Number of protein chains: 2
Amino acid sequence: MDHTPASPPHLLVIGGGFAGLWATRALAKSPLRITLLDRSNHHLFQPLLYQVATAGLSAPDIAAPLRHILRRQRNVEVRLGEATSIDPTARQVALADGSVLGFDYLLLASGATHAYFGHDEWAAHAPGLKSLDDALHLRRKLLLAFERAEACEDPAERTAWLSFAVVGGGPTGVELAGTLAEIARHTLKDEFRRIDPASARVRLVEAGPRVLASFPEELSDKARRQLERLGVEVSTGVPVTAIDDGGYRLGEEYVPARTVVWAAGVAASPLARSLGVPLDRAGRVSVEADLSVPGHPHVFVAGDLAAVQRADGPPVPGVAPAAKQMGRHVAASLRARLAGAPARPFRYRDFGNLATIGRMAAVVDVHGFKLSGLLAWWFWLAAHVFFLIGFRNRLVVLLNWAWAYWSYQRAARIILGGRREGEPSGDAPG
Amino acid sequence: MDHTPASPPHLLVIGGGFAGLWATRALAKSPLRITLLDRSNHHLFQPLLYQVATAGLSAPDIAAPLRHILRRQRNVEVRLGEATSIDPTARQVALADGSVLGFDYLLLASGATHAYFGHDEWAAHAPGLKSLDDALHLRRKLLLAFERAEACEDPAERTAWLSFAVVGGGPTGVELAGTLAEIARHTLKDEFRRIDPASARVRLVEAGPRVLASFPEELSDKARRQLERLGVEVSTGVPVTAIDDGGYRLGEEYVPARTVVWAAGVAASPLARSLGVPLDRAGRVSVEADLSVPGHPHVFVAGDLAAVQRADGPPVPGVAPAAKQMGRHVAASLRARLAGAPARPFRYRDFGNLATIGRMAAVVDVHGFKLSGLLAWWFWLAAHVFFLIGFRNRLVVLLNWAWAYWSYQRAARIILGGRREGEPSGDAPG
């Protein structure tokens, strides 16, 4: 990985999410040698990740191999690996496999992870949703809960297996709770002999005063009513104070529940700490106007890891369109830098806010133009399918959705995993 | 799970593969209470499992939840669980979770597992392919080998990462080797910067004199030539004598290879041993003409676990059509038994033999009518897609195939797993 003075400058991009990938693609014609480093071999369309967790889509439906996306961009090398620390002065990044990558420019776009607000012990009981592996783990957990309830002889135990809680009333929590209620009420209908899946309790728990706090209050109310119509019990204004193997505590009330899903907190990637620059409360890097790091003009941060203040509005939100815009802006900053031109400040272009709730229900807020219900859902579906990378994925995803909504079925209800690596599969039937 | 004399007799079916599921469905109208027990929640279309392993299909494309398939058959209860031993006299089956299921009639259809011919230590280095978890494990291993080769600085190490061996020249071995060569030659084209995936060595190793030994010699020759055209090196007549972390030994030659796949031996499910009846060399139960177990007329065995001799031909092969026929025959035997009629002997109806080799190549033998090449491949495709359970799967599978063959791409090239259960996903990018 040595860089001789004659070769073009080396840009290292950490993270093949929206920010990293969009920056990389925008630099296709620039005189740079680019290395794109990611822990996984694929770019993930994260806005539909909850659909993999709830068995509506297969993992490959919403992911594409980074190598494949970038195969024709000859100035890029994709590398599978995990960065563990960054030395911005020595311009080196250490990887988990012991190797070291040098760089002339660095774009750190490694995203966010779950935050348990100082209760890391909750992680084992309330998994979150960030990667495809998380989604398959969650799918397994949700589907197995109904299986355990069916096999269970003790009524109290059975009730606990049929008690689901989603912690966090943001878009992910709302999507998960709405879809989970749909599965219990419709998808699993007629499939069990000892339990009635429709009797499952699906609770959405939000410590703040309302769900979808980033939306206008009117749409929060609509979302709550749509959730309740789907069969979700919405609890706001009371924080979760404990989560263990048997259930969770909401204020003073202990609720037996075998399945708790975490959709409450995101924290920036721990990699940011190794930069040695001030971070905000959520662990994000407060970047300069051109998205470079204070004191290290050759290091940029984009995506969920960047804390960008705006003079004329709230901070830039951690959503896919913002990450793409930041990625493209870093590319523009770098091009300007290489050409000796001054850098421009990043300006976030807000296209509006949309969240889906469940079968045929969503809310949309585009600069004060508000929609909810079926029409909002069609708007949401069109926007998301349109932005899915790659023609094939889009078509298959559309078909899977059409099928799921037409038939109330979810095609991917296959429990995977649970076998330890290297262990032979034994007497797996048929 | 108690059975009072007033209720209908209880049939316990172990295994939701072709034999168990076809028997269960054929008993929809019989006065029986049926429990279908399986370790996984889905029926698997095993003939296409190699496509999941080689990233052509998603796991849910070839699987359907057993509960969903049987939701309208009211005399069936599906139970997720693993049988560990059978007491045919006490009419009880013990499960891994400690519970015990009683039965009046038992159908044991728990299938086959990998056999390493007394070399169980090879299992860790040469995984086999029986379940969806096996397939995802294999997919991960195959795709990661190219990643490791790309990241590797040492030429000898790199060569070992690009050296693949498939042990066993039966249909599964031939399919895997052919598809692997296709991936190396075509799918990964242009995606790597340091290695040429087309330089990978893909070797199919068969101890016997020819591949596809169950086919006429003429078709074995055709298959070999088609494999070689796809870039597979075919070695016959020499046994593998060792497999370790660094490679395998073929006769006297040690070949460094990081990826060895086991497609050589299948052995019957260990559950058969607990029956206490004589087993054949492969661990299968030699059944009576009506597929019941000698000395235990209320216990039946069907599918890969049953050794059925034929007066007028070779033993019944371990293929899907045979398993379905056996399943239906057990249902007929039971119906006769319940009606007080005599049982009829099982007669295998041989529809012919087909095997696919890779892109547009296959061999077909239907009662002496022989086909090979493109036409055989279309025949094979039509037969397999037609038999896939469920309309939705069939359509999606067809689309995925059309896309894969049109574009040389494989849609499911997503590396999953590798994260231990309960471990948070950390700084998963994007």
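Everything numeric in this text was worked out from a predicted model, so none of it was measured. Along every chain, residues carry numbers that run from 1 in the direction the sequence is written. Think of it this way: whatever chain is written first is A, whatever ligand is written first is 1, and the rest follow in order. Since the coordinates come from a predicted model, pLDDT governs what is reported: local features require at least 70, and pairs of side-chain atoms require 80 or more to be given and counted, while whole-chain, interface and lining totals use all residues. To get the side-chain values, all heavy atoms of the structure are used, and hydrogens and water are removed first.

## Overview of the overall build of chain A
Here's step 1: The helix and strand labels rest on DSSP assignments: H or I over at least four residues marks a helix, E over at least two residues marks a strand, and numbering proceeds from the N terminus. Tallying secondary structure elements over chain A gives 10 helices and 25 strands in all.
Here's step 2: Seen through its C-alpha atoms, chain A measures out along the principal axes to roughly 70 × 55 × 45 Å.
Here's step 3: Only protein chains enter the area calculation, which uses a 1.4 Å probe; residues under 20% of their type maximum are buried, those over 50% are exposed, and those in between are partly exposed. For chain A, the residues scored as buried account for 58% of the 430 residues in total.
Here's step 4: Counting only contacts in chain A whose residues sit at least 6 apart along the sequence, the fraction spanning at least 24 positions is 65%.
Here's step 5: Here the accessible surface of atoms and residues is derived via Shrake-Rupley with a 1.4 Å probe, and residues count as covered only by protein chains that are part of the display. Here chain A has roughly 16,900 Å² of accessible surface; of this, 55% comes from carbon and sulfur atoms.
Here's step 6: Positive charges come from Lys and Arg, negative ones from Asp and Glu, while His and the chain ends are left out of the count. Here the site of a charge means atom NZ of a Lys, CZ of an Arg, CG of an Asp or CD of a Glu. Here chain A contributes 48 positively and 42 negatively charged side chains, and the mean placements of these two sets differ by 8 Å. Contacts were defined at the residue level, with two residues in contact if any of their heavy atoms lie within 4.5 Å.

## Some remarks on the domain arrangement of chain A
Residues and elements named next belong to chain A.
Here's step 1: Domain start and stop points were drawn from an automatic or database domain assignment. Domain parsing of chain A yields domain 1 (10-114 + 266-339) and domain 2 (120-264).
Here's step 2: The centre of domain 1, based on its C-alpha atoms, is set 32 Å off from the matching centre of domain 2.
Here's step 3: Here the buried area means the combined drop in accessible surface, using a 1.4 Å probe, for two parts upon being joined, counting both sides. For the domain 1 and domain 2 pair, buried surface summed over both sides reaches about 1,500 Å², with 69% attributable to carbon and sulfur atoms.
Here's step 4: Of all residues in domain 1, Y50, A53 and H114 bury the most surface against domain 2, accounting for 38% of the area lost on that side.
Here's step 5: Note on definitions: salt bridges are taken to be side-chain nitrogens of Lys or Arg within 4 Å of carboxyl oxygens of Asp or Glu. Across the contact surface, domain 1 and domain 2 share 0 salt bridges.
Here's step 6: Side-chain atoms alone can form a polar contact between residues adjacent in sequence; in general such a contact is a pair of N or O atoms within 3.5 Å, and within protein one must be able to donate a hydrogen while the other accepts it. Taken together, the links from domain 1 to domain 2 amount to 4 residue pairs in polar contact (both at pLDDT 80 or more).
Here's step 7: Listed by contribution, the elements that provide at least two residues to the side of domain 1 that touches domain 2 are β3 (42-44), α2 (49-53) and β10 (112-114).

## So, the packing of helix α1 (residues 18-26) of chain A against helix α8 (residues 320-339) of chain A
Residue and element names in this part refer to chain A.
Here's step 1: The angle between two axes is taken between their N-to-C directions and runs from 0 to 180 degrees, where each axis is a line fitted to C-alpha atoms and a helix contributes only its stretch in contact. Their axes nearest at 7 Å, the elements α1 and α8 cross at an angle of 35°. For the pair α1 and α8, the sense of crossing is right-handed. For the pair formed by α1 and α8, the contact residues are F18, A19, W22, A23 and A26 on the first element and A320, A323, K324, G327, R328, A331 and R335 on the second.
Here's step 2: Three categories are distinguished: nonpolar for Ala, Val, Leu, Ile, Met, Phe, Trp, Tyr, Cys and Pro, charged for Asp, Glu, Lys and Arg, and polar for the others, with Gly belonging to the last. Of the residues belonging to the contact of α1 with α8, the class tally is 8 nonpolar, 1 polar and 3 charged. Helix crossings are classified by the rotation of the near helix relative to the far one: an anticlockwise turn of less than a right angle makes the crossing left-handed, while a clockwise turn makes it right-handed.

## Description of the relation of the copies chain A and chain B
Here's step 1: When chain A is fitted to chain B, the best match, at an RMSD of 0.0 Å, comes from turning it 180° and sliding it 0.0 Å along the axis. What the rotation and shift describe, once combined, is the action of a two-fold rotation axis.
Here's step 2: Taken together, the interface assignments show that 100% of the residues at the interface of chain A recur at the interface of chain B, consistent with an identical surface on both copies. Our superposition of the copies is a least-squares fit, built on the C-alpha atoms of residues whose pLDDT is at least 70 in both.

## Regarding the sheet that holds strand β17 (residues 259-262) of chain B
Residues and elements named next belong to chain B.
Here's step 1: Strand order in the open sheet made by the 4 strands is β13-β12-β11-β17, with parallel pairing throughout. In the strand order of this sheet, the two ends are held by β13 (232-236) and β17, each with one partner. For this sheet, the mean inter-axis angle between neighbouring strands, taken without regard to orientation, is 20°.
Here's step 2: Summarising the sheet, strand β11 (residues 163-167) and β17 pair through 4 bridges and their orientation is parallel. Within β17, the residue paired with V167 across the bridge is W262.
Here's step 3: The strands touched by helix α6 (residues 171-187) within the sheet are β11, β12 (201-206), β13 and β17, with β12 carrying the most contacts at an inclination of about 170°.
Here's step 4: Running over the sheet, helix α7 (residues 217-230) touches β12 and β13 and is turned about 140° from β13. When DSSP finds at least two bridges between two strands, those strands are taken to pair.

## Focus on the pairing of strand β23 (residues 353-358) of chain A
Regular strands show a simple pattern: their side chains alternate between the two faces of the sheet.
Residues and elements named next belong to chain A.
Here's step 1: As judged from the 5 bridges shared by β23 and strand β24 (residues 361-366), these two strands associate in the antiparallel manner. Looking across to β24, one finds that A355 is bridged to V363.
Here's step 2: The antiparallel hairpin formed by β23 and β24 contains 2 residues in its connecting segment, where M360 sits at a positive phi of about 60°.

## Digging into the pattern of salt bridges
Here's step 1: Tallied over the full model, the rule gives 25 salt bridges over all chains.
Here's step 2: Of the charged contacts in the structure, one is a salt bridge between R67 of chain B and E147 of chain A, with a shortest N-O distance of 2.6 Å. Of this pair, R67 of chain B sits in helix α3 (residues 66-69) while E147 of chain A sits in helix α4 (residues 132-151), placing the two residues on different chains. Neither R67 of chain B nor E147 of chain A differs from the other in exposure class; each is buried.
Here's step 3: Across the salt bridge formed by R413 of chain A and E191 of chain A, the nearest N and O atoms sit 3.0 Å from each other.

## Topic: the interface of chain A and chain B
Here's step 1: Taken together, the contact pairs 81 residues of chain A with 81 residues of chain B.
Here's step 2: With both chains or domains summed, chain A and chain B bury close to 7,000 Å², and 51% of this area falls on carbon and sulfur atoms.
Here's step 3: For the pair chain A and chain B, the interface holds 20 residue pairs in polar contact (both at pLDDT 80 or more).
Here's step 4: In the side of chain A that touches chain B, the residues fall into 33 nonpolar, 22 polar and 26 charged.

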